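# Notes for the structure review
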Amino acid sequence: MKYKLNPHLAYRKIGEFLYVVDSKTSMLYKFNETAEIVFEGIKKCFDIDKIVKKIVSEYEVEESVARSDVEEIIKEMLEKNIIEVKK
Amino acid sequence: MRRFEVCLSLIPKKTSVLVSIDKKFFYDVTDEYLKKFFFKKIQGKQKLYFWVFNKETEECGICSDNEKIVIQGGIVCFSLENQKFCFSCIKNYFVFNSVLRILSSIILCLNNGFLLHSAGIIEDNGCVLYSGKSGSGKSTLAKKFDNKKVLSDELCPVVLINKNIYSWPSMFYSEVRPGFVNDNNLIKIKEIKFLSEIDKGKTISVKKKEDFIDLLLTNIFWLPKNKFLTQRQINIVEKIAEQFF
């Protein structure tokens, strides 16, 4: 399954965090490094496997841990309407 | 309908809006305080925007969906490309005030600024903004000062001009009506402090730029619906944080 970003998002990396604002609802979100990798991956149309691979290569974590984290983040992003399923 | 033109000062001596509005409607939706921000003539050389105000609540029919902000009792349309604003609202002070908040916010954003949920207090040769959400004690704090020293107890304008950050008496207030002398000047912001949500009336110590940015982003008056303006607001917050750290 692939995802895409909500087209109404405005974002900027400031310091170590990525700040994301949904311009439709004015909701502000602050992403840590892992959430940022997921966000950037979705922006580049990566699937979950590719995002997990990127996290495993950048941080010394087991694939199962990375996958669980990515799935959790994606679930939260979907709930908050930051991303949507690509049809 | 008898229309007339008035000049709304949005950044003192720098930016104004020429408003074309029905005369009776204007006097019905403004009070004595709000009228202080409207002038008969443009004061000196200023950047000018144009605002056609319609009495009826209806869409202008020209602007696209992402250039429309619908509020209860009114519609705000704007075309950034043509620097054109068309606002409609019912004859109600509060709706008109909401429209003014949106207009101010858009124009401040286009000029390196934003509206900040804060109480602004004049101190020595400048001012200090005490920022916080609703219920954090902005009005309580403002009540401790002579109202001639209060810029607002609710929303203060903030603008970055040549690496200096300024505010000025705000059009918007909650419980403390600012009693400023109408000299219409920019006032340098010496500091932005943040009110604690836990200890009402107390300020939070902010030592890191990241924390300052977090708090600013949480407390600015966000513009809804327009991605370009929202992106600009985030960028301006970062630029303003850089001036303090």
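This write-up is about the structure you can find in this document. Everything quoted here is computed from the prediction, not taken from an experiment. (Residues numbered from 1 in each chain as written. Chains lettered and ligands numbered in written order. Predicted model: local features only at pLDDT ≥ 70, side-chain atom pairs only at ≥ 80, totals over all residues. Heavy atoms only, no water.)

### Quick look at the overall build of chain B
To keep it simple, the criterion reads: Strands here mean DSSP runs of E at least two residues long; helices mean DSSP runs of H or I at least four residues long; both are numbered from the N terminus. Radius of gyration: C-alpha atoms only; globule rule: 2.2 Å multiplied by the number of residues to the exponent 0.38. Here the term buried applies to any residue with accessible area under 20% of the maximum for its type, exposed to any over 50%, and partly exposed to those in between, with areas from a 1.4 Å probe on protein chains only.
The number of helices and strands found in chain B is six helices and 14 strands. A compact globule built from 245 residues should have a C-alpha radius of gyration of about 18 Å, and chain B, at 18 Å, falls within 12% of that. With respect to the principal axes defined by its C-alpha atoms, chain B has extents near 55 × 35 × 35 Å. Per-residue burial over chain B gives 53% buried out of 245 residues.

### A closer look at the interface of chain A and chain B
Rule in force here: Contacts are assigned to residue pairs with any non-hydrogen atoms lying within 4.5 Å of each other. Buried area is understood as the total, over both parts, of accessible area removed when two parts are fitted together, assessed with a 1.4 Å probe. By salt bridge we mean one thing: a side-chain nitrogen of Lys or Arg within 4 Å of a carboxyl oxygen of Asp or Glu. Pairs of N or O atoms are called polar contacts if they sit within 3.5 Å, as long as, within protein, a hydrogen donor faces a hydrogen acceptor (for residues adjacent in sequence, only side-chain-to-side-chain pairs).
Contacts between chain A and chain B engage 15 residues on the former and 16 residues on the latter. Carbon and sulfur atoms supply 60% of the area that chain A and chain B bury against each other, a total of about 1500 Å² over both sides. Together, A:R12, A:I14 and A:S23 form the three largest contributors to the area buried by chain A at its contact with chain B, with a combined 33%. In this structure, the connection of chain A to chain B is made through two salt bridges. With its nearest N and O atoms 2.5 Å apart, the salt bridge here joins A:R12 to B:E238. In this structure, the connection of chain A to chain B is made through six residue pairs in polar contact (both at pLDDT 80 or more).

### Points about unusual backbone geometry
Most peptide bonds adopt trans geometry, and most residues besides glycine take a negative phi value. Although it is not a glycine, B:K13 sits at a positive phi angle of roughly 60°. B:K13 gets classed as partly exposed once you look at its relative accessible area, which sits at 43%.

### Topic: the environment of A:I14
Take A:I14: it is sitting in strand β2 (residues 9-14). Residue class for A:I14 comes out buried when judged on its relative accessible area of 2%. For the pair A:I14 and A:K30, spaced 16 residues apart in sequence, the C-alpha separation works out to 9.9 Å. Beyond its immediate sequence surroundings of up to four residues, A:I14 is in contact with A:Y19, B:I213, B:I234 and B:E238.

### As for helix α3 (residues 93-110) of chain B
Residue and element names in this part refer to chain B. Operational definition: Expected helix span is computed as 1.5 Å times (number of residues minus one).
Between its terminal C-alpha atoms α3 stretches 26 Å, which fits the 26 Å expected from 18 residues at 1.5 Å a residue. By the criterion of burial, α3 is predominantly enclosed, with 15 of the 18 residues buried. Between the side-chain oxygen of the N-cap and the backbone nitrogen of F94 there are 2.7 Å, and the N-cap of α3 in question is N92.

### Brief notes about the sheet that holds β2(A)
Let me state the cut-off plainly: DSSP-based pairing: two strands are paired if at least 2 bridges between them are found. Under this scheme, a helix contributes an axis fitted over its contacting stretch, all axes are lines through C-alpha atoms, and angles between N-to-C directions fall in the 0 to 180 degree range.
Taken together, the three strands give an open sheet; going across it, the order is β2-β3-β4 (chain A), and neighbouring strands pair in antiparallel fashion. If you trace the sheet from one side to the other, it starts and ends with β2 and β4 (27-31) of chain A, each paired once. Neighbour-to-neighbour, the strand axes of the sheet open up by a mean angle of 20°, direction not taken into account. Both strand β3 (residues 17-22) of chain A and β4(A) contribute to a ladder of five bridges, which runs antiparallel. Looking across to β4(A), one finds that A:D22 is bridged to A:M27. Contacting β2 and β3 of chain A, helix α6 (residues 227-244) of chain B crosses the sheet at an angle of about 20° to β2(A).

### What to know about the packing of aromatic side chains
Residue and element names in this part refer to chain B. The condition is simple: The pairing test for Phe, Tyr and Trp rings, Trp by its six-membered ring, is centres within 6.5 Å, and the orientation test on the planes gives stacked under 30 degrees, edge-to-face over 60, and tilted for anything in between.
If you walk through the whole model with that rule in mind, you get 16 aromatic pairs over all chains. Aromatic pair Y49 and F85: ring centres 6.0 Å apart, planes at 70°, arrangement edge-to-face. Of this pair, Y49 sits in strand β4 (residues 47-54) while F85 sits in strand β7 (residues 84-89); the two residues are 36 residues apart in sequence, bridging distant segments of the chain. The burial state of Y49 is the same as that of F85; both residues are buried. Summarising the aromatic geometry, the rings of F85 and F87 are spaced 6.0 Å apart at their centres and angled 25° between planes, so their arrangement reads as stacked. Look at F85 and you get buried, because its relative accessible area is 1%.

### Brief notes about the nonpolar core
Nonpolar side chains in soluble globular proteins tend to be buried together. Residue and element names in this part refer to chain B. Put simply, the rule is: Side-chain atoms within 4.5 Å link the members of a nonpolar core, which is a set of buried Ala, Val, Leu, Ile, Met, Phe, Trp, Tyr and Cys residues.
In this structure, L8, W51, F96 and L103 are the most contacted members of the largest nonpolar core, which totals 75 residues. Ranked by the residues each element gives to this core, the list is headed by α3, at eleven residues. Not counting chain neighbours up to four residues away, the residues in contact with F96 comprise I21, F25, V29, T30, L34, F38, W51, F53 and C89.

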